Amino acid sequence: MSIINFDKLRKIIPITVNAQELLSKPEKEITFQINIHINKKLFSFYGYVVYYNTVRGPAKGGIRLSPNVTLEETRDLAERMVYKTALTDIPFGGGKSGVCIDPAKFDRYDIRCILQEYVHILQIDLNTQTYIPAPDMGSSPLEMMVIYGETHIPESVTGKPITVGGLPGRNEATGRGAAVIAKEAAVNFIDKPINEINVAIQGFGNVGSFAAYFLSMWGMKVVAVSDVQCGIFNPEGLPIPEMMNCAKKDGTLSTLCLGEKISNADLLTLDVDILIPAACENVINIDNAQNIRSSIIIEAANGPTTYEADEILNGKNIKVIPDILSNAGGVIASYVEWHQGKSGILTDISETFAVIDKLLKKNFVLVKDMAEKWNISHRDAAHAIAVQKVITAMKDRGWI
Ligand code: NAD
(Lines give C-alpha, C1' and ligand atoms only; values in the text may rest on other atoms or scores of the structure.)
Protein backbone atom coordinates (compact mmCIF):
# COMPACT_ATOMS: atom_id res chain seq x y z
CA MET A 1 0.00 0.00 0.00
CA SER A 2 1.30 3.45 -0.91
CA ILE A 3 2.24 5.82 1.89
CA ILE A 4 0.31 8.49 -0.02
CA ASN A 5 -3.43 8.91 0.48
CA PHE A 6 -4.21 10.07 -3.06
CA ASP A 7 -7.93 10.62 -2.37
CA LYS A 8 -7.13 12.99 0.47
CA LEU A 9 -4.44 14.88 -1.48
CA ARG A 10 -6.62 15.25 -4.57
CA LYS A 11 -8.63 17.87 -2.66
CA ILE A 12 -5.50 20.03 -2.49
CA ILE A 13 -3.50 19.26 -5.64
CA PRO A 14 -4.48 17.87 -9.06
CA ILE A 15 -3.55 14.18 -9.37
CA THR A 16 -4.48 12.54 -12.66
CA VAL A 17 -5.30 8.84 -12.98
CA ASN A 18 -2.03 8.29 -14.86
CA ALA A 19 0.02 10.05 -12.20
CA GLN A 20 -1.59 7.97 -9.46
CA GLU A 21 -1.03 4.80 -11.48
CA LEU A 22 2.72 5.45 -11.74
CA LEU A 23 3.09 6.59 -8.13
CA SER A 24 1.18 3.62 -6.73
CA LYS A 25 3.83 1.03 -7.58
CA PRO A 26 7.61 0.75 -7.73
CA GLU A 27 9.47 0.98 -11.04
CA LYS A 28 11.69 -1.99 -10.31
CA GLU A 29 12.31 -4.53 -7.56
CA ILE A 30 15.11 -7.06 -7.30
CA THR A 31 15.23 -10.00 -4.91
CA PHE A 32 18.56 -11.78 -4.53
CA GLN A 33 20.49 -14.11 -2.27
CA ILE A 34 23.90 -13.61 -0.76
CA ASN A 35 25.42 -17.06 -0.27
CA ILE A 36 28.66 -17.15 1.63
CA HIS A 37 30.82 -19.59 3.59
CA ILE A 38 32.00 -18.40 6.99
CA ASN A 39 34.16 -20.80 9.01
CA LYS A 40 33.21 -23.57 6.57
CA LYS A 41 29.48 -23.01 7.23
CA LEU A 42 27.12 -21.86 4.49
CA PHE A 43 25.06 -18.73 5.21
CA SER A 44 22.35 -17.62 2.83
CA PHE A 45 20.79 -14.18 3.24
CA TYR A 46 17.89 -12.72 1.29
CA GLY A 47 18.39 -9.22 -0.07
CA TYR A 48 16.14 -6.71 -1.79
CA VAL A 49 16.60 -3.54 -3.85
CA VAL A 50 13.68 -1.34 -4.79
CA TYR A 51 13.79 1.60 -7.20
CA TYR A 52 10.44 3.19 -6.46
CA ASN A 53 10.53 6.26 -8.71
CA THR A 54 13.55 7.76 -10.46
CA VAL A 55 11.94 10.56 -12.43
CA ARG A 56 13.90 13.21 -10.49
CA GLY A 57 17.25 11.40 -10.47
CA PRO A 58 19.04 8.16 -9.64
CA ALA A 59 17.58 5.92 -6.90
CA LYS A 60 18.96 7.08 -3.57
CA GLY A 61 18.40 5.30 -0.29
CA GLY A 62 20.09 3.47 2.54
CA ILE A 63 20.99 -0.17 3.02
CA ARG A 64 19.17 -1.76 5.97
CA LEU A 65 20.86 -4.73 7.62
CA SER A 66 18.33 -6.39 9.90
CA PRO A 67 16.88 -9.86 10.42
CA ASN A 68 13.39 -8.39 9.93
CA VAL A 69 13.98 -6.88 6.47
CA THR A 70 11.27 -7.76 3.92
CA LEU A 71 10.54 -6.75 0.35
CA GLU A 72 7.43 -4.88 1.53
CA GLU A 73 9.44 -2.89 4.09
CA THR A 74 12.13 -2.08 1.50
CA ARG A 75 9.44 -0.90 -0.94
CA ASP A 76 7.85 1.31 1.72
CA LEU A 77 11.22 2.86 2.59
CA ALA A 78 12.07 3.42 -1.09
CA GLU A 79 8.77 5.23 -1.60
CA ARG A 80 9.51 7.53 1.34
CA MET A 81 12.83 8.44 -0.33
CA VAL A 82 10.97 9.61 -3.46
CA TYR A 83 9.09 12.24 -1.46
CA LYS A 84 11.93 13.10 0.92
CA THR A 85 14.18 14.04 -1.99
CA ALA A 86 11.35 15.85 -3.81
CA LEU A 87 10.28 17.87 -0.77
CA THR A 88 13.81 19.11 -0.16
CA ASP A 89 14.60 19.61 -3.90
CA ILE A 90 17.45 17.11 -3.88
CA PRO A 91 17.88 15.79 -7.46
CA PHE A 92 17.62 12.09 -6.59
CA GLY A 93 14.89 9.51 -6.96
CA GLY A 94 13.78 7.07 -4.30
CA GLY A 95 15.37 3.69 -3.67
CA LYS A 96 16.29 1.41 -0.81
CA SER A 97 17.88 -1.93 -0.19
CA GLY A 98 17.91 -4.40 2.63
CA VAL A 99 19.65 -7.59 3.62
CA CYS A 100 18.01 -10.03 5.99
CA ILE A 101 20.86 -10.42 8.47
CA ASP A 102 21.59 -9.69 12.11
CA PRO A 103 24.88 -7.78 11.75
CA ALA A 104 25.60 -8.10 15.49
CA LYS A 105 26.17 -11.84 14.99
CA PHE A 106 29.09 -11.36 12.59
CA ASP A 107 32.49 -9.74 12.95
CA ARG A 108 33.59 -6.88 10.72
CA TYR A 109 35.59 -9.17 8.42
CA ASP A 110 32.54 -11.38 7.83
CA ILE A 111 30.41 -8.29 7.19
CA ARG A 112 33.03 -7.12 4.73
CA CYS A 113 32.81 -10.39 2.76
CA ILE A 114 28.99 -10.21 2.84
CA LEU A 115 29.03 -6.62 1.56
CA GLN A 116 31.54 -7.51 -1.16
CA GLU A 117 29.15 -10.20 -2.35
CA TYR A 118 26.30 -7.62 -2.24
CA VAL A 119 28.35 -5.38 -4.55
CA HIS A 120 29.13 -8.25 -6.94
CA ILE A 121 25.40 -8.96 -7.30
CA LEU A 122 24.47 -5.29 -7.86
CA GLN A 123 27.69 -4.35 -9.64
CA ILE A 124 26.20 -2.82 -12.80
CA ASP A 125 23.65 -0.69 -10.93
CA LEU A 126 26.27 0.53 -8.47
CA ASN A 127 28.92 1.26 -11.08
CA THR A 128 26.47 3.19 -13.25
CA GLN A 129 25.00 4.93 -10.18
CA THR A 130 21.53 3.69 -11.01
CA TYR A 131 21.36 3.06 -7.26
CA ILE A 132 23.42 5.11 -4.78
CA PRO A 133 23.38 3.56 -1.28
CA ALA A 134 23.99 5.13 2.14
CA PRO A 135 23.81 3.87 5.74
CA ASP A 136 20.50 2.91 7.35
CA MET A 137 19.56 0.83 10.37
CA GLY A 138 22.26 -1.77 11.00
CA SER A 139 24.75 -0.32 8.49
CA SER A 140 27.39 2.35 9.02
CA PRO A 141 30.23 4.20 7.26
CA LEU A 142 32.30 1.00 7.51
CA GLU A 143 29.94 -0.86 5.18
CA MET A 144 29.85 2.11 2.79
CA MET A 145 33.65 1.98 2.67
CA VAL A 146 33.45 -1.65 1.52
CA ILE A 147 31.17 -0.61 -1.34
CA TYR A 148 33.52 2.19 -2.35
CA GLY A 149 36.41 -0.28 -2.12
CA GLU A 150 34.67 -2.41 -4.75
CA THR A 151 33.40 0.28 -7.15
CA HIS A 152 36.36 2.72 -6.83
CA ILE A 153 33.86 5.49 -7.65
CA PRO A 154 33.60 8.10 -4.86
CA GLU A 155 30.08 9.20 -5.80
CA SER A 156 28.73 5.63 -6.07
CA VAL A 157 27.98 5.56 -2.34
CA THR A 158 27.49 8.17 0.39
CA GLY A 159 27.97 8.00 4.13
CA LYS A 160 31.60 6.91 3.69
CA PRO A 161 34.13 7.54 6.48
CA ILE A 162 35.83 10.92 6.18
CA THR A 163 39.19 9.15 5.70
CA VAL A 164 37.99 7.76 2.35
CA GLY A 165 36.11 10.60 0.71
CA GLY A 166 33.26 10.87 3.20
CA LEU A 167 31.69 14.17 4.16
CA PRO A 168 32.40 15.92 7.45
CA GLY A 169 28.97 16.07 9.12
CA ARG A 170 27.33 13.19 7.18
CA ASN A 171 27.39 10.93 10.25
CA GLU A 172 25.62 13.57 12.34
CA ALA A 173 23.35 14.78 9.50
CA THR A 174 20.10 12.90 10.05
CA GLY A 175 20.12 13.51 13.80
CA ARG A 176 21.03 17.14 13.29
CA GLY A 177 18.21 17.54 10.80
CA ALA A 178 15.71 16.02 13.23
CA ALA A 179 17.01 18.38 15.93
CA VAL A 180 16.66 21.41 13.61
CA ILE A 181 13.05 20.46 12.85
CA ALA A 182 12.34 19.84 16.55
CA LYS A 183 13.68 23.28 17.42
CA GLU A 184 11.65 24.98 14.67
CA ALA A 185 8.53 23.13 15.84
CA ALA A 186 9.20 24.10 19.46
CA VAL A 187 9.67 27.77 18.60
CA ASN A 188 6.49 27.82 16.52
CA PHE A 189 4.17 25.60 18.55
CA ILE A 190 5.26 25.66 22.20
CA ASP A 191 4.91 28.75 24.32
CA LYS A 192 7.92 28.10 26.58
CA PRO A 193 11.59 29.11 26.60
CA ILE A 194 13.86 26.54 24.94
CA ASN A 195 15.53 25.54 28.20
CA GLU A 196 12.18 24.50 29.68
CA ILE A 197 11.29 22.20 26.81
CA ASN A 198 11.72 18.52 27.55
CA VAL A 199 12.22 15.77 25.02
CA ALA A 200 12.03 11.96 24.95
CA ILE A 201 13.85 10.05 22.22
CA GLN A 202 13.29 6.40 21.32
CA GLY A 203 16.38 4.84 19.70
CA PHE A 204 19.93 5.89 20.54
CA GLY A 205 21.69 4.80 17.36
CA ASN A 206 23.00 7.11 14.66
CA VAL A 207 19.87 9.24 14.35
CA GLY A 208 18.58 9.27 17.92
CA SER A 209 21.93 9.92 19.59
CA PHE A 210 22.83 12.89 17.39
CA ALA A 211 19.32 14.34 17.65
CA ALA A 212 19.73 14.13 21.44
CA TYR A 213 23.20 15.64 21.24
CA PHE A 214 22.22 18.73 19.25
CA LEU A 215 19.02 19.37 21.21
CA SER A 216 20.87 19.17 24.51
CA MET A 217 23.62 21.45 23.12
CA TRP A 218 20.91 23.96 22.14
CA GLY A 219 19.55 23.98 25.69
CA MET A 220 16.59 21.59 25.60
CA LYS A 221 16.24 19.01 28.33
CA VAL A 222 16.51 15.48 26.93
CA VAL A 223 14.83 13.60 29.78
CA ALA A 224 14.56 10.11 28.30
CA VAL A 225 16.34 7.99 25.71
CA SER A 226 16.25 4.28 24.90
CA ASP A 227 17.84 1.56 22.84
CA VAL A 228 16.34 -1.80 21.93
CA GLN A 229 17.08 -3.16 25.42
CA CYS A 230 15.89 -0.42 27.77
CA GLY A 231 15.16 3.24 28.37
CA ILE A 232 16.52 5.73 30.90
CA PHE A 233 14.44 8.57 32.33
CA ASN A 234 15.67 11.49 34.40
CA PRO A 235 13.38 14.55 34.72
CA GLU A 236 16.46 16.74 35.39
CA GLY A 237 17.88 15.93 31.93
CA LEU A 238 20.44 13.34 30.78
CA PRO A 239 24.19 13.83 30.06
CA ILE A 240 24.00 12.96 26.36
CA PRO A 241 27.74 13.10 25.42
CA GLU A 242 28.55 10.70 28.28
CA MET A 243 25.78 8.37 27.15
CA MET A 244 27.03 8.47 23.56
CA ASN A 245 30.47 7.37 24.75
CA CYS A 246 28.91 4.54 26.74
CA ALA A 247 26.73 3.39 23.84
CA LYS A 248 29.81 3.37 21.61
CA LYS A 249 31.94 1.47 24.14
CA ASP A 250 29.39 -1.04 25.51
CA GLY A 251 26.95 -1.17 22.60
CA THR A 252 24.08 -0.57 25.04
CA LEU A 253 22.69 1.96 27.52
CA SER A 254 21.67 -0.76 29.99
CA THR A 255 24.96 -0.52 31.93
CA LEU A 256 24.32 3.16 32.83
CA CYS A 257 22.83 4.29 36.15
CA LEU A 258 21.82 7.86 35.32
CA GLY A 259 18.12 7.70 36.09
CA GLU A 260 15.10 5.47 36.30
CA LYS A 261 15.06 2.44 33.97
CA ILE A 262 11.92 2.47 31.82
CA SER A 263 10.62 0.36 28.97
CA ASN A 264 10.33 1.55 25.38
CA ALA A 265 6.55 1.46 25.76
CA ASP A 266 6.77 3.75 28.82
CA LEU A 267 9.05 6.19 26.99
CA LEU A 268 6.53 6.74 24.23
CA THR A 269 3.80 7.83 26.64
CA LEU A 270 5.91 10.11 28.88
CA ASP A 271 4.49 13.55 29.63
CA VAL A 272 7.02 15.53 27.55
CA ASP A 273 6.79 18.45 25.12
CA ILE A 274 8.48 16.66 22.22
CA LEU A 275 8.60 12.96 21.44
CA ILE A 276 11.13 11.76 18.86
CA PRO A 277 10.75 8.17 17.64
CA ALA A 278 14.19 7.45 16.15
CA ALA A 279 14.29 3.66 16.06
CA CYS A 280 11.93 1.73 13.82
CA GLU A 281 8.52 1.54 12.13
CA ASN A 282 5.00 1.41 13.55
CA VAL A 283 5.94 2.05 17.19
CA ILE A 284 3.11 4.58 17.55
CA ASN A 285 0.06 2.53 16.72
CA ILE A 286 -3.56 1.95 17.56
CA ASP A 287 -2.59 0.40 20.92
CA ASN A 288 -0.75 3.42 22.32
CA ALA A 289 -1.74 6.49 20.24
CA GLN A 290 -4.52 7.47 22.61
CA ASN A 291 -1.97 7.52 25.49
CA ILE A 292 0.63 9.74 23.79
CA ARG A 293 1.03 12.91 25.87
CA SER A 294 3.60 14.99 23.98
CA SER A 295 2.35 17.99 22.03
CA ILE A 296 4.80 17.48 19.14
CA ILE A 297 6.11 14.32 17.47
CA ILE A 298 9.20 14.53 15.27
CA GLU A 299 9.38 11.43 13.09
CA ALA A 300 13.14 10.89 12.98
CA ALA A 301 12.62 7.19 12.15
CA ASN A 302 10.98 6.19 8.90
CA GLY A 303 7.30 5.39 9.29
CA PRO A 304 7.09 5.28 13.11
CA THR A 305 3.36 6.16 13.11
CA THR A 306 0.73 3.85 11.65
CA TYR A 307 -2.12 5.25 9.58
CA GLU A 308 -4.69 4.60 12.33
CA ALA A 309 -2.47 6.16 14.99
CA ASP A 310 -1.97 9.23 12.80
CA GLU A 311 -5.73 9.81 12.69
CA ILE A 312 -5.91 9.51 16.50
CA LEU A 313 -2.99 11.93 16.99
CA ASN A 314 -4.60 14.45 14.60
CA GLY A 315 -7.80 14.16 16.62
CA LYS A 316 -5.82 14.95 19.78
CA ASN A 317 -4.31 18.00 18.00
CA ILE A 318 -0.78 16.62 18.40
CA LYS A 319 1.52 18.11 15.76
CA VAL A 320 3.26 15.29 13.90
CA ILE A 321 6.14 16.47 11.71
CA PRO A 322 6.47 13.68 9.15
CA ASP A 323 9.53 11.59 8.41
CA ILE A 324 9.98 12.93 4.88
CA LEU A 325 10.86 16.28 6.48
CA SER A 326 12.14 15.31 9.93
CA ASN A 327 14.79 12.85 8.79
CA ALA A 328 15.70 14.45 5.46
CA GLY A 329 18.98 15.83 6.88
CA GLY A 330 20.68 12.55 5.94
CA VAL A 331 19.84 12.64 2.26
CA ILE A 332 20.61 16.35 2.06
CA ALA A 333 24.12 15.62 3.38
CA SER A 334 24.35 12.63 1.04
CA TYR A 335 23.74 14.98 -1.86
CA VAL A 336 26.53 17.26 -0.63
CA GLU A 337 28.84 14.21 -0.34
CA TRP A 338 27.87 13.00 -3.82
CA HIS A 339 28.62 16.47 -5.17
CA GLN A 340 31.96 16.49 -3.34
CA GLY A 341 32.80 13.08 -4.87
CA LYS A 342 31.92 14.23 -8.37
CA SER A 343 33.59 17.64 -8.21
CA GLY A 344 36.54 16.90 -5.94
CA ILE A 345 35.76 20.09 -4.04
CA LEU A 346 36.13 19.50 -0.29
CA THR A 347 33.39 20.58 2.10
CA ASP A 348 33.82 21.30 5.80
CA ILE A 349 31.41 20.42 8.58
CA SER A 350 30.05 23.94 8.99
CA GLU A 351 29.17 24.04 5.28
CA THR A 352 27.41 20.67 5.55
CA PHE A 353 25.38 21.83 8.55
CA ALA A 354 24.60 25.15 6.83
CA VAL A 355 23.05 23.33 3.84
CA ILE A 356 21.02 20.99 6.07
CA ASP A 357 19.80 23.80 8.33
CA LYS A 358 18.86 26.09 5.45
CA LEU A 359 16.92 23.51 3.43
CA LEU A 360 15.11 22.09 6.45
CA LYS A 361 14.13 25.47 7.92
CA LYS A 362 12.84 26.61 4.54
CA ASN A 363 10.79 23.46 4.05
CA PHE A 364 9.47 23.52 7.61
CA VAL A 365 7.94 26.93 6.88
CA LEU A 366 6.50 25.77 3.53
CA VAL A 367 4.91 22.71 5.16
CA LYS A 368 3.58 24.70 8.13
CA ASP A 369 2.09 27.38 5.86
CA MET A 370 0.48 24.75 3.62
CA ALA A 371 -0.98 22.96 6.66
CA GLU A 372 -2.41 26.25 7.98
CA LYS A 373 -3.75 27.38 4.60
CA TRP A 374 -5.71 24.14 3.99
CA ASN A 375 -6.32 23.22 7.64
CA ILE A 376 -4.65 19.83 7.13
CA SER A 377 -2.00 17.84 9.01
CA HIS A 378 1.69 18.50 8.49
CA ARG A 379 1.97 15.04 6.95
CA ASP A 380 -0.69 15.80 4.33
CA ALA A 381 0.90 19.19 3.65
CA ALA A 382 4.39 17.70 3.18
CA HIS A 383 3.00 14.92 0.99
CA ALA A 384 1.05 17.41 -1.15
CA ILE A 385 4.14 19.55 -1.79
CA ALA A 386 6.34 16.53 -2.57
CA VAL A 387 3.82 14.66 -4.73
CA GLN A 388 3.20 17.80 -6.78
CA LYS A 389 6.93 18.11 -7.53
CA VAL A 390 7.18 14.46 -8.61
CA ILE A 391 4.10 14.80 -10.83
CA THR A 392 5.54 17.94 -12.44
CA ALA A 393 8.80 16.09 -13.15
CA MET A 394 6.88 13.15 -14.66
CA LYS A 395 5.04 15.61 -16.93
CA ASP A 396 8.29 17.36 -17.88
CA ARG A 397 9.90 14.05 -18.84
CA GLY A 398 6.85 12.92 -20.80
CA TRP A 399 6.09 10.00 -18.50
CA ILE A 400 2.48 11.12 -18.18
P1 NAD B 1 20.79 2.49 14.16
O2 NAD B 1 20.88 1.04 13.84
O3 NAD B 1 22.03 3.30 14.21
O4 NAD B 1 20.05 2.70 15.58
C5 NAD B 1 18.80 2.16 15.87
C6 NAD B 1 18.50 2.40 17.35
O7 NAD B 1 17.17 1.96 17.64
C8 NAD B 1 19.41 1.62 18.30
O9 NAD B 1 19.60 2.36 19.49
C10 NAD B 1 18.61 0.35 18.59
O11 NAD B 1 18.98 -0.24 19.83
C12 NAD B 1 17.21 0.96 18.67
N13 NAD B 1 16.14 0.00 18.38
C14 NAD B 1 16.13 -0.95 17.41
N15 NAD B 1 14.96 -1.63 17.46
C16 NAD B 1 14.24 -1.06 18.45
C17 NAD B 1 12.96 -1.32 19.00
N18 NAD B 1 12.19 -2.31 18.52
N19 NAD B 1 12.52 -0.54 20.02
C20 NAD B 1 13.30 0.46 20.49
N21 NAD B 1 14.53 0.73 20.04
C22 NAD B 1 14.98 -0.01 19.03
O23 NAD B 1 19.73 3.08 13.11
P24 NAD B 1 19.62 4.57 12.60
O25 NAD B 1 20.48 4.73 11.40
O26 NAD B 1 19.75 5.50 13.76
O27 NAD B 1 18.11 4.59 12.05
C28 NAD B 1 17.01 4.78 12.91
C29 NAD B 1 15.81 5.16 12.08
O30 NAD B 1 16.09 6.35 11.33
C31 NAD B 1 15.36 4.13 11.04
O32 NAD B 1 13.97 4.18 10.90
C33 NAD B 1 16.02 4.62 9.76
O34 NAD B 1 15.35 4.16 8.59
C35 NAD B 1 15.85 6.11 9.94
N36 NAD B 1 16.78 6.90 9.15
C37 NAD B 1 18.12 6.76 9.26
C38 NAD B 1 18.96 7.56 8.50
C39 NAD B 1 20.46 7.53 8.66
O40 NAD B 1 21.13 8.38 8.06
N41 NAD B 1 21.03 6.62 9.43
C42 NAD B 1 18.42 8.47 7.59
C43 NAD B 1 17.04 8.61 7.50
C44 NAD B 1 16.23 7.82 8.28
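Here, every reference points to the structure presented above.
This section reports on the structure supplied with the text.

Conventions we followed
- Residues numbered from 1 in each chain as written.
- Predicted model: local features only at pLDDT ≥ 70, side-chain atom pairs only at ≥ 80, totals over all residues.
- Heavy atoms only, no water.
- Near = heavy atom within 4 Å.
- Polar contact = N/O pair within 3.5 Å; in protein donor to acceptor, adjacent residues only side chain to side chain.
- Areas by Shrake-Rupley, 256 points an atom, 1.4 Å probe, with all protein chains shown as cover.
- Helix = DSSP H or I, 4+ residues; strand = E, 2+ residues; numbered from the N terminus.
- Nonpolar A, V, L, I, M, F, W, Y, C, P; charged D, E, K, R; others polar.
- Domains from an automatic or database assignment.
- Core = buried A, V, L, I, M, F, W, Y, C linked by side-chain atoms within 4.5 Å.
- Buried < 20%, exposed > 50% of the residue type's maximum accessible area, 1.4 Å probe, protein only.
- Contact = heavy atoms within 4.5 Å.
- Salt bridge = Lys/Arg side-chain N within 4 Å of Asp/Glu carboxyl O.

1. Regarding the site of the ligand
- In the region of the ligand, 23 residues are neighbours, and Arg64, Asp136, Thr174, Val228 and Asn302 sit closest.
- Between the ligand and the protein, one listed contact pairs an oxygen atom with a side-chain N or O atom of Thr174 at 2.8 Å.
- Starting from 830 Å² of accessible surface for the ligand in isolation, the protein chains cover 82%.
- Listing elements by their share of the shell around the ligand, those giving two or more residues are helix 7 (170-189) and helix 8 (206-217).
- Residue composition of the shell around the ligand, grouped by class: 10 nonpolar, 9 polar and 4 charged.
- Counting residues domain by domain, the shell around the ligand receives three or more from each of domain 1 (26-86 + 93-164) and domain 2 (167-400).

2. Some details on the nonpolar core
- Ranked by internal contacts, the top residues of the largest apolar core, which has 88 residues, are Tyr83, Ile274, Ile276 and Ile298.
- Examining the composition of this core, we find that 10 residues originate from one element, helix 15 (residues 378-396), more than from any other.
- Counting residues domain by domain, this core receives three or more from each of domain 1 (26-86 + 93-164) and domain 2 (167-400).
- Once residues within four sequence positions are removed from consideration, Tyr83 is found in contact with Ile3, Ile4, Leu23, Ile324, Ala386, Val387 and Val390.
- Within the second largest apolar cluster, 25 residues are counted, among which are Ile38, Ile63, Ile114 and Ile147.

3. Observations concerning the pattern of salt bridges
- All chains considered together, the criterion is met by 23 salt bridges.
- Notably, a salt bridge pairs Asp136 with Lys96, separated by 3.2 Å at the nearest N-O pair. Of this pair, Asp136 sits in the loop between strand 6 (131-132) and helix 6 (141-151) while Lys96 sits in strand 5 (residues 93-100), placing them 40 residues apart in sequence. Of the two residues examined, Asp136 and Lys96, each falls in the buried class.
- In this structure, Lys160 engages Glu337 in a salt bridge whose closest nitrogen and oxygen atoms are separated by 2.8 Å. Within this pair, whereas Lys160 is found in the loop between helix 6 and helix 7, its partner Glu337 is found in helix 13 (residues 329-343), the two being separated by 177 residues in sequence. Side by side, Lys160 and Glu337 carry an identical accessibility label, which is buried.
- Members of the salt-bridge network, linked through shared partners, are Arg64, Glu73, Lys96, Asp136 and Glu281.

Worth remembering: the numbers are spatial, not functional.
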